[in-house]
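Examining the three-dimensional arrangement
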Amino acid sequence: MKKIRVRFAPSPTGPLHMGGVRTALFNYLFAKKNKGTFILRIEDTDQKRFVKGAEEYIMKALDWCGIEVDEGIKEGGDYGPYRQSERKSIYKEYSDLLVKQGLAYYAFDTPEDLDKLRKKEEQGGRAFTYSADNRDSLQNSLVLSEEEVQTKIRNEEPFVIRFKVPENEILNFVDVIRGNIEVNTSTLDDKVLFKSDGMPTYHLANIVDDHLMEISHVIRGEEWLPSLPLHILLYRAFGWKAPEFAHMPLTLKPDGKGKLSKRDGDRLGFPIFPIEWTNPETGETSSGYRESGYFPEAFINILAFLGWNPGTNQELFSMDQLIEAFSLERVIKAGSRFDPEKAKWFNQQYLRRKSNEELANLIFPGLAEKGVLVEQDYLIKVCDLVKERLTFANEFWENSWFFFQAPGEYDEQVIKKRWKENTPEILNELIPVLTKIDEFTSSNTETEVKSWAESKSYGLGQVLSPFRLAIVGGSIGPHLFDIIGLLGKEETIMRLNKALNIIKA
Ligand code: GLU
């Protein structure tokens, strides 16, 4: 069987957005599933759109996601260089080859000439395309004599090389996800292959590189589907066997209306980028999944389900499980809606799967930054109690601060509702009950407090609500006896006394 080689080929025109990471992921999963090679190729032929820092960003983002590159600008490999700007000399040779065979041609039309024609067509309600319909009346080597062409080239008149699309031919080809596709070549225009700035266009560089790098499968976003007929024609023109193509469905906005785009970013209330990005020109920062507290495993799991499903009810997949389960046949055609609430759910599931020790290790540095110094053992126990309440590790403090410090103030609403005239008397009676308990555990305190309350005919709410108020400052937090079991007798009684001093109903 042919060796599986796939590539992720981003253009460094900005940060990679989550749709781009999904493309990388599907390529990676497919490669690993088939014991193949995952290549990262940087397509930087469009110098005008080059953005500083984008290339490093792409590599950092893949790294964070756990998508390991086998061949690339950092990793090297036998098919390099892997940055198209370093392969410049290769492309001209190939476009010249097509010109020589009469399959491409030089075009000398100036941007102004073409603009005029474009405007004229627009006035007539038509769109201008450089194609079989009009190429005979334009400034190109199909019309000009060989001598005229050579003179223009000698005089360094700017030119582009255009592909000569065959006229009125029905093209049939297959996309792994979309099935059979039929296109009439008359709907295509004579695309530029080589630009006047001496650089190839995306189309030429992409095909040449996919061929030279022996790419077996091209897996990319649906937005490239309209380019596929041209790519098929280019493979044919060069006499090369085309790779297999799989165009993945669009990722849609949460309301299902339209493609999720870079601009949607923080506007819709969720990050669009894997890691934070600061625009080098404007200094504007867009949030990232990493900085928002998502685990890379969760982010990957979310992306995998955008356009793919395993055909079972299982939703949580590690990278290894995804590799095992993945197939292009299970990628759907229809656009898939991104659901930010479901994304949070995934993160919550991954957080719950972490051991208390792992979670404590994650949280410890943030606490130290706050100046909260805590024993590892104690932190692990707190993690155990609050884990179920968290979606993100960064919500830890708001859900657990009372394990580390006594409340400084008390919730007015709770005071109004729960602090009755006889509350001080009840709590004052409770203190000696607690003092008497030797082993101040959750279950011992619960048993003692409840039997005392019963013996005094106090309703549980009468006791526990103000008790909780004194301990955590409100009606928040996990099971009260779990909290005091961890705080210990001394701290618990200290907080009761403090509340009795401060709260005046
Ligand atoms: N450079 C293209 C991009 O930015 C690659 C498209 C392809 O995979 O062919 O998405």
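Since the structure is predicted, the reported quantities are computational estimates derived from the model, not experimental observations.

Topic: the pairing of strand β1 (residues 5-8)
Neither face of β1 is exposed, since Arg5 and Arg7 on one face and Val6 and Phe8 on the opposite face are all buried. The pairing of β1 with strand β2 (residues 37-40) spans four bridges and is parallel. The partner of arginine 5 across the bridge, within β2, is threonine 37. A crossover connection joins β1 to the parallel β2 through helix α1 (residues 18-33); in handedness this β-α-β unit is right-handed.

Some points on the sheet that holds strand β4 (residues 160-163)
With antiparallel pairing, the three strands of this open sheet are ordered in space as β3-β4-β7. Of all the strands in the sheet, just β3 (104-107) and β7 (192-194) have a single pairing partner and so form its edges. When strand polarity is set aside, the average angle formed by the axes of neighbouring strands in this sheet is 45°. Sheet topology places β3 next to β4; four bridges connect them, and they run antiparallel. The residue of β4 that forms the bridge with alanine 104 is phenylalanine 163.

Looking at the pattern of salt bridges
One pass over the full model with this rule turns up 26 salt bridges. Close ionic contact of aspartate 209 with arginine 41 constitutes a salt bridge, the shortest N to O distance being 3.9 Å. Of this pair, aspartate 209 sits in helix α6 (residues 202-212) while arginine 41 sits in the loop between β2 and α2 (54-65), and the two are 168 residues apart along the sequence. When salt bridges that share partners are traced, they join Arg7, Arg41, Glu43, Arg87, Asp209 and Asp210 into one network.

A few points about the site of the ligand
Around the ligand, the neighbouring residues are Arg7, Ala9, Ser11, Glu43, Tyr202, Asn206, Arg220 and Trp224. In this structure, arginine 7 approaches the ligand through a side-chain N or O atom, which is 2.7 Å from an oxygen atom. Glutamate 43 places a side-chain nitrogen or oxygen 2.6 Å from a nitrogen atom of the ligand. Across the complex, the protein chains shield 84% of the 290 Å² of accessible surface that the ligand would expose by itself.

Focus: the packing of helix α15 (residues 423-435) against helix α17 (residues 460-472)
For any two helices packed against each other, the geometry is given by the interaxial angle and the distance between the axes. Between α15 and α17, the least distance of the axes is 10 Å, while the angle of their chain directions is 85°. The angle between the axes of α15 and α17 places the two elements in the roughly perpendicular class. Within the contact between the two elements, α15 uses Thr423, Ile426, Leu427, Leu430 and Leu434 and α17 uses Gln462, Val463, Pro466 and Phe467.

Side note on the packing of aromatic side chains
Under the defined criterion, the tally for this structure stands at 29 aromatic pairs. Where phenylalanine 238 meets tryptophan 240, the ring centres are 4.2 Å apart and the plane angle is 15°; that geometry is what we call stacked. Given a relative accessible area of 16%, tryptophan 240 falls into the buried group. For the ring pair tryptophan 345 and phenylalanine 346, a centre distance of 5.2 Å and an interplane angle of 75° mean the geometry is edge-to-face. The exposure class of tryptophan 345 is partly exposed, given its relative accessible area of 28%. A relative accessible area of 3% places phenylalanine 346 in the buried class. A connected cluster of aromatic rings, assembled from ring pairs, spans Phe26, Phe305, Trp308, Phe317, Phe326, Trp345 and Phe346. In this arrangement the basic side chain of arginine 353 is found over the ring face of tyrosine 350, its NZ or CZ atom lying 5.6 Å from the centre.

Points about helix α3 (residues 88-100)
One turn of an α-helix holds 3.6 residues; hence residues three or four places apart share an orientation. Those residues of α3 not exposed but buried are Tyr91, Tyr94, Ser95, Leu98 and Val99. Buried residues of α3, viewed axially, fall in a sector of 145°; they line one side. Residues of α3 that are exposed and angled more than 90 degrees away from the buried face: Ser89, Glu93 and Lys100. If you follow the buried residues of α3, they end up packed against β3, β4, β7, α6 and α7 (228-238).

Points about a negative patch on the surface
Side chains of Glu357, Glu358, Glu375 and Asp377 sit close together on the surface and give a patch of like negative charge. Looking at where glutamate 375 falls in the secondary structure, it is placed in the loop between α11 (356-369) and α12 (376-386). The exposure class of glutamate 375 is exposed, given its relative accessible area of 62%.

What counts as what
Residues numbered from 1 in each chain as written. Predicted model: local features only at pLDDT ≥ 70, side-chain atom pairs only at ≥ 80, totals over all residues. Heavy atoms only, no water. Buried < 20%, exposed > 50% of the residue type's maximum accessible area, 1.4 Å probe, protein only. Helix = DSSP H or I, 4+ residues; strand = E, 2+ residues; numbered from the N terminus. Pairing = 2+ DSSP bridges. Right-handed = clockwise from strand over helix to strand, strands pointing away. Axes fitted to C-alpha atoms, helices over the stretch in contact; angles between N-to-C directions. Salt bridge = Lys/Arg side-chain N within 4 Å of Asp/Glu carboxyl O. Near = heavy atom within 4 Å. Polar contact = N/O pair within 3.5 Å; in protein donor to acceptor, adjacent residues only side chain to side chain. Areas by Shrake-Rupley, 256 points an atom, 1.4 Å probe, with all protein chains shown as cover. Parallel < 35°, antiparallel > 145°, perpendicular 65-115°, else oblique. Contact = heavy atoms within 4.5 Å. Phe/Tyr/Trp six-rings, centres within 6.5 Å; stacked < 30°, edge-to-face > 60°. Lys NZ or Arg CZ within 6 Å of the ring centre and 35° of its normal. Arc of directions from axis to C-beta. Patch = residues over 30% accessible without salt bridge, like charges linked within 9 Å, V, L, I, M, F, W, Y side chains within 5 Å. Lys, Arg positive; Asp, Glu negative; His and termini not counted. Charge placed at Lys NZ, Arg CZ, Asp CG, Glu CD.

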